[in-house]
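Remarks on the overall topology
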Amino acid sequence: VVVELPEGRAADDAGRRELVEFALRFQATLGSDPEAQRLVAWARFGRDPEFARFAREVMLPSGAFYLDDAALQELVRRMRPDRVRERIARNETLIAAPGPAGGALADGVRNDPLRLFELIPSELSAAVGAGSGREGRSIGSAGGEATGFSGDGRALLIQIGGRRSSSDLDFAVQLTDAVASRASASNTTGLRVDLAGPSAIAATTSRVIRGDAIVTTLASVALLYMLFVIFYRRWMAALLIGWVAVVGILAGIGVFALFASAVSPLAAVIAALLAGLGVDYGIHFMSHYDACRAQGLDSASASIEAFRRMALPIVTNCFTSIFGFASLWPSDTQMLRDFAVMGASGLLGALASVFVLMPAMLRLFDRGSHAGVPGGPRFGGLADIVAHRPRMWMTSSLVVLSVAVGAAGLQGFIPTLESDLTVMHPRPNRALDVTGEVVTRFSGQGEFIPVEVRAESSEALVAKAHDAARALRSEACQEVGVVGVSGLHQLLPDPRGVSRALDGLAEADAERAVRSFDAALAESVFDPSYYGAYRDMLRSLLSSRQPPAVAVLSTFPSLAERLFPASALDAGTPPTDTVILVRLSSPLHDRAQRRRTMDVLDKALAPFPGVTVAGVAAVSDELEDATRASLPQAVAISVVLVIGWLLIVFRKPMDVCLALIPLVFAALATVAFMVATKQKFNPMNSVAIPLLDGIAVDAGVFLVSAARAHSGTRDGLRPHLRTTAPAVLLAATTTMTGFGALWFTHTPAIRSFGMVAAVGIFASMCGALFVLMPILFGRAKRSEQV
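This structure is a prediction, so every number in the text was calculated from the model and none was measured.

A count of helical and extended segments in the protein gives 33 helices and eight strands. Of the accessible surface of the protein, which amounts to about 34000 Å², a share of 60% is contributed by carbon and sulfur atoms.

In this section: the sheet that holds strand 3 (residues 155-162). The sheet built from four strands is open, its strands ordered 2-3-1-4 with antiparallel pairing. Single-partner strands in this sheet number two, and they are strand 2 (40-45) and strand 4 (192-194). On average, each strand axis in the sheet is inclined to that of its neighbour by 20°, with strand direction left out of account. Two elements, strand 1 (residues 2-4) and strand 3, share three bridges in a ladder whose sense is antiparallel. When the sheet's bridge partners are listed, Val3 is paired in strand 3 with Leu156.

Next up on the list: the pattern of salt bridges. Inspection of every chain in the model, using the stated rule, returns 39 salt bridges. Its salt-bridge partner being Arg192, residue Asp194 comes within 2.6 Å of it at the nearest N-O pair. In this structure Asp194 comes out as buried when scored by relative accessible area, which is 12%. Here the salt bridges share partners, and the residues they tie into one network are Glu4, Asp152, Arg192, Asp194, Arg430, Glu437 and Arg441.

Let us look at helix 5 (residues 81-95). Taking 1.5 Å per residue, 15 residues should reach 21 Å; helix 5 reaches 22 Å between its end C-alpha atoms and fits that length. When we look at burial in helix 5, the residues that qualify are Val84, Arg87, Ile88 and Asn91. For helix 5, the angular spread of the buried residues around the axis is 95°, confining them to a single face.

As a further point, take empty space enclosed by the protein. Across all of its chains, the model carries three cavities of 30 Å³ or more by this definition. Estimates place the volume of the second largest cavity at around 160 Å³. Around the second largest cavity, the lining is made up of 16 residues, and of these Ile695, Asp698, Ala699, Ala731 and Ala732 lie nearest the centre. A per-element tally of the lining of the second largest cavity places helix 32 (residues 714-740) first, with four residues.

Turning to unusual backbone geometry, a few remarks are in order. Note the cis peptide between Arg427 and Pro428, where omega equals -5°. Not every positive phi belongs to a glycine, and Arg651 is a case in point at roughly 65°. Topologically, Arg651 is positioned in the loop between helix 27 (615-650) and helix 28 (653-659). Judged by relative accessible area, Arg651 falls into the exposed class, the value being 63%. Backbone geometry places Lys678, a non-glycine residue, at a positive phi of 60°. When you line up the elements, Lys678 lands in the loop between helix 29 (661-676) and helix 30 (688-695). Judged by its relative accessible area of 63%, Lys678 falls in the exposed class.

For the rest of this paragraph, the subject is the packing of aromatic side chains. Across all of its chains, the model carries 14 aromatic pairs by this definition. Plain terms: the ring middles of Phe323 and Trp645 are 6.2 Å apart, the flat faces sit at 80° to each other, and that makes the pair edge-to-face. Of this pair, Phe323 sits in helix 13 (residues 299-326) while Trp645 sits in helix 27, placing them 322 residues apart in sequence. Residue Phe323 is classed as buried on the basis of its relative accessible area, which comes to 14%. Consider the rings of Phe739 and Phe753, whose centres lie 5.9 Å apart with planes at 80°: the pair is edge-to-face.

A few words now on the sheet that holds strand 5 (residues 447-454). Sheet architecture is open: four strands sit in the order 6-7-5-8, paired in antiparallel fashion. Of all the strands in the sheet, just strand 6 (482-486) and strand 8 (611-613) have a single pairing partner and so form its edges. With direction set aside, neighbouring strand axes in the sheet form an average angle of 25°. Where strand 6 and strand 7 (residues 577-584) come together, four bridges link them in antiparallel fashion. Bridge pairing in strand 7 places Val482 opposite Leu584.

To continue, consider the environment of Pro49. When you line up the elements, Pro49 lands in helix 3 (residues 49-59). The class for Pro49 is exposed, based on a relative accessible area of 60%. Between the C-alpha atom of Pro49 and that of Ser558, which follows or precedes it by 509 residues, the distance is 9.7 Å.

The next thing to look at is the confidence of the model for the protein. Should the pLDDT be low somewhere, the predicted coordinates at that spot are not to be read in detail. In this model, the protein carries an average pLDDT of 83, and 88% of its residues clear a pLDDT of 70 or more. In the predicted structure, residues 133-146 sits below a pLDDT of 50 and forms 20 contacts with residues beyond four places in sequence or in another chain. Considering only residues more than four positions removed or in separate chains, one finds that residues 370-376, a stretch of pLDDT under 50, has 11 contacts.

The grouping of Val215, Leu223, Met226 and Phe744 at the surface amounts to a nonpolar patch, some 360 Å² of accessible area in total. Relative to the helices and strands, Phe744 is located in the loop between helix 32 and helix 33 (748-779).

The next point concerns the packing of helix 13 against helix 31 (residues 698-709). In contact at an axis separation of 9 Å, helix 13 and helix 31 are set at 160° when each is read in the N-to-C sense. Classified by the angle between their axes, helix 13 and helix 31 sit roughly antiparallel to one another. Remark: the crossing between helix 13 and helix 31 carries right-handed chirality. Within the contact between the two elements, helix 13 uses Met310, Pro313, Ile314, Thr316, Asn317, Thr320 and Ser321 and helix 31 uses Asp698, Val701, Phe702 and Ser705. Classifying every residue of the contact of helix 13 with helix 31 gives five nonpolar, five polar and one charged.

With 35 residues, helix 9 (residues 198-232) should reach 51 Å at 1.5 Å per residue; the first-to-last C-alpha distance of 50 Å fits that figure. Count one or two residues on from helix 9 and you reach Arg233, which has phi positive near 60°.

Turning our attention to the environment of Thr316. For Thr316, the location among the structural elements is in helix 13. Take Thr316: its relative accessible area is 0%, and that puts it in the buried class. Each C-alpha atom of the pair Thr316 and Val649 lies 7.4 Å from the other, and the pair is 333 residues apart in sequence. Apart from residues no more than four positions distant in its own chain, Thr316 is found in contact with Trp645, Leu646, Val649 and Val701.

Before going further, it helps to examine the pairing of strand 5. Here strand 5 shows one buried face, formed by Glu447, Ile449, Val451 and Val453, and one open face, formed by Phe448, Pro450, Glu452 and Arg454. Bridging between strand 5 and strand 7 involves eight bridges; their strand directions are antiparallel. Bridged to Pro450 within strand 7 is Leu581. Bridge count for strand 5 against strand 8 is three bridges, and the pairing is antiparallel. In the strand pairing of strand 8, Val453 is matched with Val611.

What follows is about the packing of helix 10 (residues 235-259) against helix 14 (residues 334-365). The geometry of helix 10 relative to helix 14 is characterised by a closest axis approach of 6 Å and an angle of 140° between their N-to-C directions. One way to sum up the angle between helix 10 and helix 14 is to call them oblique. In this structure, helix 10 crosses over helix 14, and the sense of that crossing is right-handed.

What follows is about the side chain of Ser345. Of note, Ser345 is situated in helix 14. Here Ser345 falls in the buried class, since its relative accessible area comes to 17%. Of note is the side chain of Ser345, whose polar atom sits 2.8 Å from the backbone oxygen of Val341. Every residue in contact with Ser345, bar those within four places of it in the chain, is listed here: Gly252 and Phe256.

Parameters at a glance
Residues numbered from 1 in each chain as written. Predicted model: local features only at pLDDT ≥ 70, side-chain atom pairs only at ≥ 80, totals over all residues. Heavy atoms only, no water. Helix = DSSP H or I, 4+ residues; strand = E, 2+ residues; numbered from the N terminus. Areas by Shrake-Rupley, 256 points an atom, 1.4 Å probe, with all protein chains shown as cover. Pairing = 2+ DSSP bridges. Axes fitted to C-alpha atoms, helices over the stretch in contact; angles between N-to-C directions. Salt bridge = Lys/Arg side-chain N within 4 Å of Asp/Glu carboxyl O. Buried < 20%, exposed > 50% of the residue type's maximum accessible area, 1.4 Å probe, protein only. Expected span 1.5 Å × (residues − 1). Arc of directions from axis to C-beta. 1 Å grid on protein atoms, 1.4 Å probe; cavity = no way out; pocket = protein on both sides within 12 Å on 5 of 7 lines; lining within 4 Å. Points joined across faces, edges and corners; volume = space filled by probe spheres on them. Phe/Tyr/Trp six-rings, centres within 6.5 Å; stacked < 30°, edge-to-face > 60°. pLDDT = per-residue confidence, 0-100. Contact = heavy atoms within 4.5 Å. Patch = residues over 30% accessible without salt bridge, like charges linked within 9 Å, V, L, I, M, F, W, Y side chains within 5 Å. Parallel < 35°, antiparallel > 145°, perpendicular 65-115°, else oblique. Left-handed = near helix turned anticlockwise from the far one by under 90°. Nonpolar A, V, L, I, M, F, W, Y, C, P; charged D, E, K, R; others polar. Polar contact = N/O pair within 3.5 Å; in protein donor to acceptor, adjacent residues only side chain to side chain.

Listed below in structure tokens is the structure:
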């Protein structure tokens, strides 16, 4: 939670005090509200007081075990009586310095007269300093220097810990709503309050995608109905086709829902897409049914004849489309598997529905005579136009495609991978923007990458955490932006150095060192009574013989909760897992930077089994790798399945090649479009390529099937194509509408997916009507008059 002074309010002591007072009210509200307590594990701002208590009660008394060899030897030397007297005498000289410098030196002398804090490793100095009170009062003290303030002092960062992971979208929504409402209630002075972080982003994403799924479905249905009315010139045909498709799709998705309790964001927007695909079967059935009715057949006979003509092409098309989805099943990404299974289920439902429900509903509602039935949908003359000059249409289409492919070839022809991770998030996204603001405005934030550490025992866990932290502080890691590593290694000493520390402490006599300290003070200008607490710390430091271990952290719940799995804490068993955090100087939105950083971190941690880089950046890297690896595999699977299925159906290689012409046309045009418009491959729009392998061939299947059924002459072919070509045109348009409806979503990656797929379907339609259909006319025998 970022709370900031409004414009015009000065960032002075009064303004900062106002921010702190808000934070205290907010903490109290969260702590006293039963609903908030169910969701919120902790709420902190500034330095964690339990962290400071741990430093004071555990780390300082056992400080010798945290020192390296050189620092430990220096500690023993400084405890010799002559060195103690020398240090106290030097302090007298330092405080005598005139001006502000002398005052600052005097503060250091008061806190640490023997300058022992100089020996503390840099990664521990802040923690131990907090425990000793060397860094001023806590943030909760009015007027104290607060570490939770932004660099300009205008904003304060409050951190909220949820009781469950932010990857649980429902919980993220509940947590975000609870925090937002309590923050609003605590904001009595008109401060600006914004939510940031993974839970806030997840809640925004969840809400937007749910809303997008509804909007895209409604938009798709509305657009489809308008198309049906335009093509069929009667409202009943539109309702029949739409109703049959809806029932089938819902039945198919219902079967899927029996085995899946949740769906991924990509699968959530599939309804609009299936609406465009599912109506295709009804369109082709209705077109041939109308043609049969126009020939004088009654409704039942027309349905039987339409079934006889269209059963094989419709089933063939359904399975080629399913093969496009099926190519995604082997993917390592659950999101793609959900999308594939849900899509295939919906298409199978639509297929069954068109053969079961469509004839029955036509029998019920189409009771009029054939004289009142239109002779098919509009645009039936398209076949005659193409047949009149087939060579011109084919040549023109191929020239346009060649120009597009040539232009794309000059730019490399292969689209690049998306480098910006934020395309996977809805836009606008205030939570995402504020999260980036937190990284840049608040010191100590940056981009955090969690590293999971696993070991066989608690003692081995501490040792391995030290090894991992040491590797992550290497020069190579610093070059990619690593500015800090926090975790278990900062709180507990390396158990492998215990014997060395004990040997060093054996040379130091605690009581002798304290007596030397008292004697030196007595001979100086300093008041010995002021250093009572320091004297006790010195005695504990030198007499300690038992280093702190993992068990001591159980008495500091707020630290243990952030370090160890909840399962181990709840069971009371010694933890063998922990997480250390790597802090980077800047966010990893850029793909190249993210890849280089992940590679360096992985290489640094490779020698330590059980240590794994995790988090969003690592998952995104793996998702990108999975996308890159699975795309060629998915394309190959879909192409092989489609070609194999067409060989089984048509049994003639030439017919199979003809049916694939729209697919080849669409593939080339789609890649050319992506290159020309600088569309980049991302985990969502890359799905369009294997899907097109199954969907773009549909038009070719229907046209080749019509050509196989005609009498062998152009005049005999025309009546078949007058019925089939408009159905192909409408089916492609409805499919484009389904994909195009995704443009109404707020997620750039999903919009890109819809755009790429719609372009591919449009190109397949052009390839079918203006390349394949002219070829079919050219292959037909000339009759007495064309």
